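As a plain string of letters, each chain reads:
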Amino acid sequence: MTINHSLWDRAVKPPADVCPQQFCFEWLEAGSWSAPGLYANLETALEATVKIENGACGCTSGRCSRIDPQSTQDCYEPHEPCLEAAGLPWFFFIPDADKLVEELRDDYIAESQALWGVKG
């Protein structure tokens, strides 16, 4: 997977509706293979595997609001190894603390305010 380090500026908070693509665990990279869903065994899963021709959202629980504005479901799940490789913080594409489990909210608030400043 190629990560374009120059696409994002750490100092600028991205819009809440942007699809982070390879920075999301749900993203299916072009050239990869996928067999979404659950299967009775490995053989059945391998038979269902398809090659991903173009990068695409692989969320299996519905359409992500970052791709489909009509959806109310944000499927973004941080792909921390890709974020780290690009020099971006774990919270970079998370729009606000309300999108997180309670245990991470204080960390998000402290770290995002240190990077982007306090919301006015």
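Residues numbered from 1 in each chain as written. Predicted model: local features only at pLDDT ≥ 70, side-chain atom pairs only at ≥ 80, totals over all residues. Heavy atoms only, no water.

Undergrad: Describe the overall build of the protein chain, and please don't skip the residues or the numbers.
TA: Along the backbone of the protein chain there are 3 helices and 4 strands. Helices (α) and strands (β) of the protein chain occur, in sequence order from the N terminus, as β-β-α-β-β-α-α. Each of the 120 residues in the protein chain was classed as buried or not, and the buried ones make up 30%. For the protein chain, the share of sequence-separated contacts (at least 6 apart) that also reach a separation of at least 24 residues comes to 49%. (Helix = DSSP H or I, 4+ residues; strand = E, 2+ residues; numbered from the N terminus. Buried < 20%, exposed > 50% of the residue type's maximum accessible area, 1.4 Å probe, protein only. Contact = heavy atoms within 4.5 Å.)

Undergrad: Outline the packing of aromatic side chains, listing residues and values.
TA: Per the counting criterion, the structure on display carries 10 aromatic pairs. Note on Trp-8 and Phe-93: the rings are 5.1 Å apart at their centroids and 85° apart in plane angle, and the pair reads as edge-to-face. In this pair, Trp-8 sits in the segment before strand E1 (27-28) while Phe-93 sits in the loop between helix H2 (80-85) and helix H3 (102-116), placing the two residues 85 residues apart along the sequence. A relative accessible area of 23% places Trp-8 in the partly exposed class. The class for Phe-93 is buried, based on a relative accessible area of 2%. (Phe/Tyr/Trp six-rings, centres within 6.5 Å; stacked < 30°, edge-to-face > 60°.)

Undergrad: Tell me about the nonpolar core, and please be specific about residues and values.
TA: Core analysis: the biggest nonpolar cluster contains 16 residues, and Phe-23, Leu-83, Leu-88, Phe-93 and Tyr-108 have the highest contact counts within it. Counting only elements with at least two residues in this core, the list comes to H2 and H3. (Core = buried A, V, L, I, M, F, W, Y, C linked by side-chain atoms within 4.5 Å.)

Undergrad: I'd like to hear about the side chain of Ser-71, residue by residue, with values.
TA: Within the fold, Ser-71 resides in the loop between strand E4 (56-57) and H2. With a relative accessible area of 16%, Ser-71 lands in the buried category. A polar contact is formed between the side chain of Ser-71 and the backbone oxygen of Arg-63, at a distance of 2.6 Å. (Polar contact = N/O pair within 3.5 Å; in protein donor to acceptor, adjacent residues only side chain to side chain.)

Undergrad: Describe the environment of Pro-20, listing the residues and the values that go with them.
TA: Locating Pro-20 in the fold gives a position in the segment before E1. Residues Pro-20 and Ala-114, spaced 94 residues apart in sequence, show a C-alpha to C-alpha distance of 22 Å. Excluding anything up to four places from it in sequence, Pro-20 contacts Arg-66, Tyr-76 and Phe-93.

Undergrad: If you had to explain the pattern of salt bridges to someone new, which residues and values would you point to?
TA: Under the defined criterion, the tally for this structure stands at 2 salt bridges. With a closest N to O distance of 2.9 Å, Arg-66 and Asp-74 form a salt bridge. The partly exposed category is assigned to Asp-74, whose relative accessible area is 26%. (Salt bridge = Lys/Arg side-chain N within 4 Å of Asp/Glu carboxyl O.)

Undergrad: Account for H3, naming residues and giving values.
TA: Spanning 15 residues, H3 covers 21 Å between terminal C-alpha atoms, matching the ideal 21 Å at 1.5 Å per step. Among the residues of H3, Tyr-108, Ser-112 and Trp-116 are the ones counted as buried. Within two residues after H3, Gly-117 carries a phi angle of roughly 90°, on the positive side. (Expected span 1.5 Å × (residues − 1).)

Undergrad: Go over the environment of Trp-8, please, and point to the residues and values.
TA: Residues Trp-8 and Ala-110, 102 residues apart in the sequence, show an inter-C-alpha distance of 21 Å. Those residues in contact with Trp-8, other than ones at most four positions away along the chain, are Pro-14, Val-18, Phe-23, Leu-88, Phe-92 and Phe-93.

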